[in-house]
Amino acid sequence: GNSVTQMEGPVTLSEEAFLTINCTYTATGYPSLFWYVQYPGEGLQLLLKATKADDKGSNKGFEATYRKETTSFHLEKGSVQVSDSAVYFCALTGGIGRTGNQFYFGTGTSLTVIP
Amino acid sequence: GAVVSQHPSRVICKSGTSVKIECRSLDFQATTMFWYRQFPKKSLMLMATSNEGSKATYEQGVEKDKFLINHASLTLSTLTVTSAHPEDSSFYICSATRGAGSFLNSPLHFGNGTRLTVT
């Protein structure tokens, strides 16, 4: 079946530190991969996505590369800011059949960036 | 950008009562809405998919008589937790999309979620 495994948090970093949040997946077919972000008191927002192997999604300084060989989609940012403090969710769509439009989410990783 | 409003953000109710949660798309017509439930330190679990004007499709293991979903218009879907029990306490999130097809072309927009506590 389809599933997403995401590193557990919480993660606390100092401003300008390098961020990596690991995400691996299990899927049948050819899933698309996403990172969503939830800022305090707000809903989930799409951060970036990648639709096929070796694609790199990027937005707001965050990047993630779709690695089919390692079934991973790790989120990275070179220099985090206090405003990046949020919960980050890795997700995939099933890619085929009935589950093709169903989202599978990771557990979420809480990031706190301190000045 | 597209906005989905979910109300209430928090609700506390007594065991045995029913609670209704609303999900509205404010600036677009939502062909499809989804309801998720999030347990502590767990993934968001898809409960059901609702399309305007038709019955919701429930995921395996979700009691349709307990979690009533109505998608009466293109901008409103409601989730009613009937005869709530403490084990129904959770964080419920709705999302909406314009399209009925791939999320690649019609992104999901999420509400802020509802924290339900059943005492």
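Residues numbered from 1 in each chain as written. Chains lettered and ligands numbered in written order. Predicted model: local features only at pLDDT ≥ 70, side-chain atom pairs only at ≥ 80, totals over all residues. Heavy atoms only, no water.

> Even after reading the chapter, I still don't get the overall build of chain A, so can you show me in this structure?
Looking only at helices and strands, one finds zero helices and twelve strands in chain A. Its helices and strands in sequence order give chain A the pattern β-β-β-β-β-β-β-β-β-β-β-β, from N to C terminus. Against the globule reference of 13 Å for 115 residues, chain A gives a C-alpha radius of gyration of 14 Å, in line with a compact fold. Seen through its C-alpha atoms, chain A measures out along the principal axes to roughly 45 × 30 × 20 Å. Each of the 115 residues in chain A was classed as buried or not, and the buried ones make up 46%. In chain A, the proportion of contacts linking residues at least 24 apart, taken out of those at least 6 apart, comes to 56%. With the model as given, the accessible surface of chain A reaches about 5200 Å², and the carbon-plus-sulfur share is 50%. (Helix = DSSP H or I, 4+ residues; strand = E, 2+ residues; numbered from the N terminus. Rg over C-alpha atoms; globule rule 2.2 N^0.38 Å. Buried < 20%, exposed > 50% of the residue type's maximum accessible area, 1.4 Å probe, protein only. Contact = heavy atoms within 4.5 Å. Areas by Shrake-Rupley, 256 points an atom, 1.4 Å probe, with all protein chains shown as cover.)

> Can you walk me through the environment of Leu75 of chain A in this structure?
Residues and elements named next belong to chain A. With respect to the element layout, Leu75 can be found in strand 9 (residues 75–77). Looking at Leu75, the relative accessible area reads 0%, which means it is buried. When the C-alpha atoms of Leu75 and Ala64 are compared, they prove to be 4.8 Å apart, with eleven residues separating the residues in sequence. Those residues within four positions of Leu75 in sequence are excluded, and the remaining contacts are Leu19, Thr20, Ile21, Trp35, Leu47, Leu48, Phe62, Glu63, Ala64 and Tyr88.

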